[in-house]
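Architecture at a glance
Given next are the chains, with one letter for each unit.
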Number of protein chains: 2
Amino acid sequence: LTYGHELWGHDRKDKIPDTSASAVSDVWCCPPAFPVVCTVRCQKFLISRVGEDWIFLILLGLVMALVSWVVDFCIAICLQAQKWMYGGLDSNVFLQYLAWVTYPVVLITFSAGFTQILAPQAVGSGIPEMKTILRGVVLKEYLTFKTFVAKVIGLTCALGSGMPLGKEGPFVHIASLCAALLSKFMSLFGGIYEVSHLNIEMLAAACAVGVGCCFAAPIGGVLFSIEVTSTFFAVRNYWRGFFAATFSAFIFRVLAVWNKDEETITALFKTRFRLDFPFDLQELPAFAVIGIASGFGGALFVYLNRLIVQFIRKQKAINRFLMKKRLLYPALVTLLISTLTFPPGFGQFMAGKLTQKESLVTLLDNRTWAKQGIAEEFDYIGNSQAWKHPQVNVFVTLVLFIVMKFWMSALATTIPVPCGAFMPVFVIGAAFGRLVGESMAAWFPDGIHSDGTIYSIVPGGYAVVGAAALSGAVTHTVSTAVIVFELTGQISHILPVMIAVILANAVAQSLQPSLYDSIIRIKKLPYLPELGWGHHEKYNIRVEDIMVRDVRYITLNCCYRDLHNVLLTGHLKTLALVESAESMILLGSIERAQLQSLLSQQLGRPRRMEYIKERAVAEKKRLSVVSSLGSEDGGHRASQEVRFQVRGQRPFFVGESLVNSENLCDLQIAEWEEKQLDEQVNFNNCKIDPAPFQLVERTSLHKHECECLTVVFKMHTWHEINLRPTLLLGNRQEHY
Amino acid sequence: LTYGHELWGHDRKDKIPDTSASAVSDVWCCPPAFPVVCTVRCQKFLISRVGEDWIFLILLGLVMALVSWVVDFCIAICLQAQKWMYGGLDSNVFLQYLAWVTYPVVLITFSAGFTQILAPQAVGSGIPEMKTILRGVVLKEYLTFKTFVAKVIGLTCALGSGMPLGKEGPFVHIASLCAALLSKFMSLFGGIYEVSHLNIEMLAAACAVGVGCCFAAPIGGVLFSIEVTSTFFAVRNYWRGFFAATFSAFIFRVLAVWNKDEETITALFKTRFRLDFPFDLQELPAFAVIGIASGFGGALFVYLNRLIVQFIRKQKAINRFLMKKRLLYPALVTLLISTLTFPPGFGQFMAGKLTQKESLVTLLDNRTWAKQGIAEEFDYIGNSQAWKHPQVNVFVTLVLFIVMKFWMSALATTIPVPCGAFMPVFVIGAAFGRLVGESMAAWFPDGIHSDGTIYSIVPGGYAVVGAAALSGAVTHTVSTAVIVFELTGQISHILPVMIAVILANAVAQSLQPSLYDSIIRIKKLPYLPELGWGHHEKYNIRVEDIMVRDVRYITLNCCYRDLHNVLLTGHLKTLALVESAESMILLGSIERAQLQSLLSQQLGRPRRMEYIKERAVAEKKRLSVVSSLGSEDGGHRASQEVRFQVRGQRPFFVGESLVNSENLCDLQIAEWEEKQLDEQVNFNNCKIDPAPFQLVERTSLHKHECECLTVVFKMHTWHEINLRPTLLLGNRQEHY
């Protein structure tokens, strides 16, 4: 009998005032009163200042630099504590082993447990999720404060354990979280943060900040984040990433200077290679070999990583056991890895006592370790000593390091803690490059150059090339080259690095997906394959192949009853508006709340009151003829009336209505409502979001990739709406 | 009376064979014979090898490296020749002046004349045109062999004259020309070169190659070309640019090694700054000042350049005079500039005898010129001596150099020869940076650093920062930072450079368009403004604001007469096909040739012959009753018949037709044709290019910039087609 209660009663209070028609016209047409003008102006001024994106970007850069620095600081303390414990117990090897092993196991278990309890979304690198989010898919809970806390604390503990894990991927996620939270906070001031697709641009900038403040590599950060997260990139947003990442890297390094770690702003892993003759032309084949081998190595790493995950999933017995005791798997893996790296044990053959940072510094050293390929002539200084073993050649140490770290890293990145794989892969690549470089130095002790002057080979340069090539192969990016230059502060090896990275990419891309795409597949995230190099078969996908044909829509000439039915049956936040059911031309989309407002206007209190008044006049005339009847059902009528009243509404005509409503029976109201519902909807005051464009059914996705791909991903986000000849598309807003 | 002759008669010969219906079915349906299969397979194999884009990219890189090196070599010879002439005449200042002035005037005049005669499109930088072409607009004659020759030779002469001109912009154009010619050549093998939008991707890669092989800066080249030419960039194509630019830069530098210019592959303008303490934190404000000042300077440069062009255009007397004597303007400008740089004259106060390359090398020198700000303590080595003047302080020389070169460069780039403005601006920026650096060194002779150790200030580092900032401001790009690192081979100043470049961009972008956009506006190239930073007012542009409403279209149920009328009245290469005139739903586009083929099928010889045969049978029956009549108009009929015959066509039924046609009069044929024209068109065998999507009239261009912008540019290329509720769009192919 009564319409609308079940439908919009619950959110009527805050969203649709009863006087919505006048409210709308207030906003759109009527000049507001003077104090309103004042506050609006003030707000506008605030928006024009606070709402500007560069303030947002500066804040983001500042916060992320602080986070990065604090995380680094905590990790350093954790690692120092482990070294101190291990060093203090050198009288007893067993106790030493216990200390060496217990410490990481406890930290990793805590990290896994903490993340599991607080926000399981924080597990892993976060780049695959960001890649998905930046395509317009809304992954719930991925950008919340809880996730932020879980990710930061979980990451600090995980890296503090000394496992072969990286902070780069998680930092991309943390920066995005930070941006999302910051934009939520700043949306209090209005401004651009209200526009959702600008938020996505902000997220893209945040990804750049993540890499930038992690490695103090602003340019590499921007490029890496573009390559990893985007398919199509708006050059217009370029500056955002650069601005935020540069600011962030600057603050990050200034903090190091402030903490007296550094004298001035320099690169994170500064190298001191020869500038005047960095490498000989004849060394280029060796660099190319590093590139190709890294390509195969990178593909193998991705494959191995996936294999481990799939193996554990398939073995149902293991899986069930691990699902019950969720913290057992991290603990076991950590135990295994830390046992193998125990310095007095097997670790002595693979420089086990070095932390990741220390190994990288030693690997990038510009001195040659094995001048004649014999361990005796090793040049031992500081941490480099770890690579020395009295019985074993330095080449054996390097090979063991590479092989062990390779599977260890692939295994460690499957632990359910916030962790990335970039840094471990980077170190392995550097070790591989060093191996080749040392071999070259051993084979050509006087350098390759033929003209008089002796330019000995710089194995550190090979390490740089190897690091860039392997990390490029695993992530399928070219910008690792730039990251390497910024990390080492030297660009002298640009051509070898570029050649190796390109070759590594060519090999790796033809063998395996990138690590992030592989994780996307494993996690089954909603993500369409790219129409890339060697994927020509996908060019035949047409719009009709992926669109869903059963879509709710309203027509321009529909009546309120249709509106009501659509609202009753569907749950979409936005509905398609078409010209007519025959032409099916998309005009735009209307938000559910707007439609509810239309309905409530039609059936709402003011109009009902008006009707009641009219009726009352007619009734009075009738009453003047016929004496009053049916006062016994007045109570019932009153309760009916109450059901129609909206909470928090000013009782305009209470006196009259209570008097008059008594004169109306239920049946009459229902009749009136039925009549109202049959009227045609007037969309004039309705905010219609105009349709961006319409995709014709038979369009090939190949033809207009740029447009279609964005569209396709939007369709994914919007329940794939399709109408007969054309295809409806919404905007980028959250539609679920 | 007779239809179609005027319409498609002229291109019928080569385009539409009379048996087009069967020809079409041959291609689309019938299995070809065995030898055909063989050749097709061979061709496919060739395509799979030769058609692969990496071969194309390697060839492109190789050719461009060779071109770049040869151009550089010729320029060096030209400049040496001028120096030799000038040096040999040092007994007589007047003769010296004549030699100094005549040489560039002759070269520039030749360059201007040669370009004017061979290909006027080769004038200028070429980046604005490439920007337009990459948006899908077809600029005729911009990518032809003639233009290539004119550009290369014109550029060599222009730069050989020693005027403040650059080779970077023209090299972007030359690389694109090279790519277009190469792809034309390789399309003989089929493969990807047949797909037009892949060609655009190749052009984008070519732009990267252009910058890459000009400065031996592959990464900077890729980024610069993206920033300068693209609005939306497909990350998928990233590798193409990197691959080609790296290969090109590699070959370019290998050629230098081969020519014994260098010992190994190093940076083009290698610097030797201190690595361990490149700059102090307290120097950062000075770098920021350079950035902001460069921003204003860059905007001023763009404004000045535009002002000069507009001044010359507006002064009608000058304009008319110059239009008549086209070579006078270049000659006059060259005379003015070379007179002012004459070393014994005013040139002595502005290091006039140094070439652009030499000045840059001296400006980037890591030694401090003015240790106490006094000219006496100047450290003179080699070319740096040019900056010394016995009477004048080095600061005055620098200021004069900056001021004079500033307007000279702005003036010189308006000369109608192939030339860019990047390098001159780069040098001015370096000089400005040097000025600030030398001032800092004079103010803080012991460096700023407070802790014990003295780190003196490196003015060369300031020069690097200034160069990046000013060129970034003029071009509105951030990637000049990367170019600077690659050019100097040092990345130690990354943070100052990034800060200065970002500040310079922020200032310049808010004041003026980029130099390339400014030229686009001056030249009135078909290009829409970008919806960028600070252009929010353009967010209100709706599709309906820019679309043209009067558009020719054909409907699915139209008859041949409509087709005929459309073909007669319009000149579009492609026509829109809509469902019906009422719904106006866009189905796709059909090429004019296809429609002509449809019409010719309907009215063509085979069908006519059939009809004639049928008529003949009927006629014979009639003739058996009535005796023959009207043999006098047989001659006329025959001539009529000839008009229908198509040249080069095999006379299938000549015998019959000549016999039978005599039995038909003009009127009957006309009648038949009229009947044929009233039939409904059958689009079944027609190749319809399906519509990518439809833009709804009231869509804001802000909302879906990515999609809309591409669309908008496409509309520009396709005569802005619009139908009532929806907007038709074609694909990227050439539509004119």
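Below, the structure is looked at part by part. These figures come from a predicted structure and were not determined experimentally. (Residues numbered from 1 in each chain as written. Chains lettered and ligands numbered in written order. Predicted model: local features only at pLDDT ≥ 70, side-chain atom pairs only at ≥ 80, totals over all residues. Heavy atoms only, no water.)

Summed over the entire model, instances satisfying the criterion amount to 16 salt bridges over all chains. Note that Asp517 of chain A and Lys131 of chain A form a salt bridge whose closest N and O atoms lie 2.8 Å from each other. Of this pair, Asp517 of chain A sits in helix α21 (residues 515-523) while Lys131 of chain A sits in helix α6 (residues 127-134); the two residues are 386 residues apart in sequence, bridging distant segments of the chain. Among the ionic pairs, Lys523 of chain B bridges to Glu129 of chain B, the shortest N-O distance being 2.7 Å. Of this pair, Lys523 of chain B sits in helix α21 (residues 515-523) while Glu129 of chain B sits in helix α6 (residues 127-134), and the two are 394 residues apart along the sequence. (Salt bridge = Lys/Arg side-chain N within 4 Å of Asp/Glu carboxyl O. Helix = DSSP H or I, 4+ residues; strand = E, 2+ residues; numbered from the N terminus.)

Residues and elements named next belong to chain A. Remark: helix α23 (residues 560-569) packs on helix α24 (residues 592-603), axes separated minimally by 10 Å, with the N-to-C direction vectors making an angle of 135°. When the axis of α23 is compared with that of α24, the two are oblique. The two elements α23 and α24 cross, and the hand of that crossing is left-handed. Residue-level contacts link Tyr560, Leu563, His564 and Leu567 of α23 to Arg592, Leu595, Gln596, Leu598, Leu599 and Gln602 of α24. Residues belonging to the contact of α23 with α24 are distributed by class as follows: six nonpolar, three polar and one charged. (Axes fitted to C-alpha atoms, helices over the stretch in contact; angles between N-to-C directions. Parallel < 35°, antiparallel > 145°, perpendicular 65-115°, else oblique. Left-handed = near helix turned anticlockwise from the far one by under 90°. Contact = heavy atoms within 4.5 Å. Nonpolar A, V, L, I, M, F, W, Y, C, P; charged D, E, K, R; others polar.)

Okay, helix α17 (residues 422-443) of chain A next. Under the 1.5 Å per step criterion, the end-to-end length of α17 of chain A is 31 Å for 22 residues, consistent within 8% with the ideal 32 Å. With 20 of 22 residues buried, α17 of chain A lies mostly within the body of the structure. (Expected span 1.5 Å × (residues − 1). Buried < 20%, exposed > 50% of the residue type's maximum accessible area, 1.4 Å probe, protein only.)

Moving on to unusual backbone geometry. Residues and elements named next belong to chain B. Even without being a glycine, Ala351 presents a positive backbone phi close to 50°. When you line up the elements, Ala351 lands in the loop between α14 (328-341) and α15 (356-363). Positive phi, normally seen in glycine, also occurs at His476, with a value near 55°. Considering the arrangement of structural elements, one finds His476 in the loop between α18 (459-475) and α19 (480-488). Relative accessible area serves as the criterion here: at 17%, His476 is assigned to the buried category.

A few words on the packing of aromatic side chains. Evaluated as defined, the whole model comprises 34 aromatic pairs over all chains. The interplanar angle of 25° and the centroid separation of 6.2 Å between the aromatic rings of Phe145 of chain B and Phe148 of chain B together place this pair among those described as stacked. Of this pair, Phe145 of chain B and Phe148 of chain B both sit in helix α7 (residues 145-160), three residues apart, which is roughly one turn of the helix. With a relative accessible area of 14%, Phe148 of chain B lands in the buried category. Through a chain of ring-to-ring contacts, the aromatic side chains of Tyr86, Tyr97, Trp100 and Phe342 of chain A assemble into a single cluster. Lys167 of chain A extends its terminal NZ or CZ atom over the ring of Phe171 of chain A, reaching a point 4.7 Å from the ring centre. (Phe/Tyr/Trp six-rings, centres within 6.5 Å; stacked < 30°, edge-to-face > 60°. Lys NZ or Arg CZ within 6 Å of the ring centre and 35° of its normal.)

Looking now at the pairing of strand β3 (residues 574-578) of chain A. Residue and element names in this part refer to chain A. Among the five residues that make up β3, five are buried, leaving the element largely enclosed by the rest of the structure. Summarising the sheet, strand β2 (residues 553-555) and β3 pair through three bridges and their orientation is parallel. In the sheet register, Tyr553 faces β3, and the bridge partner there is Ala576. (Pairing = 2+ DSSP bridges.)

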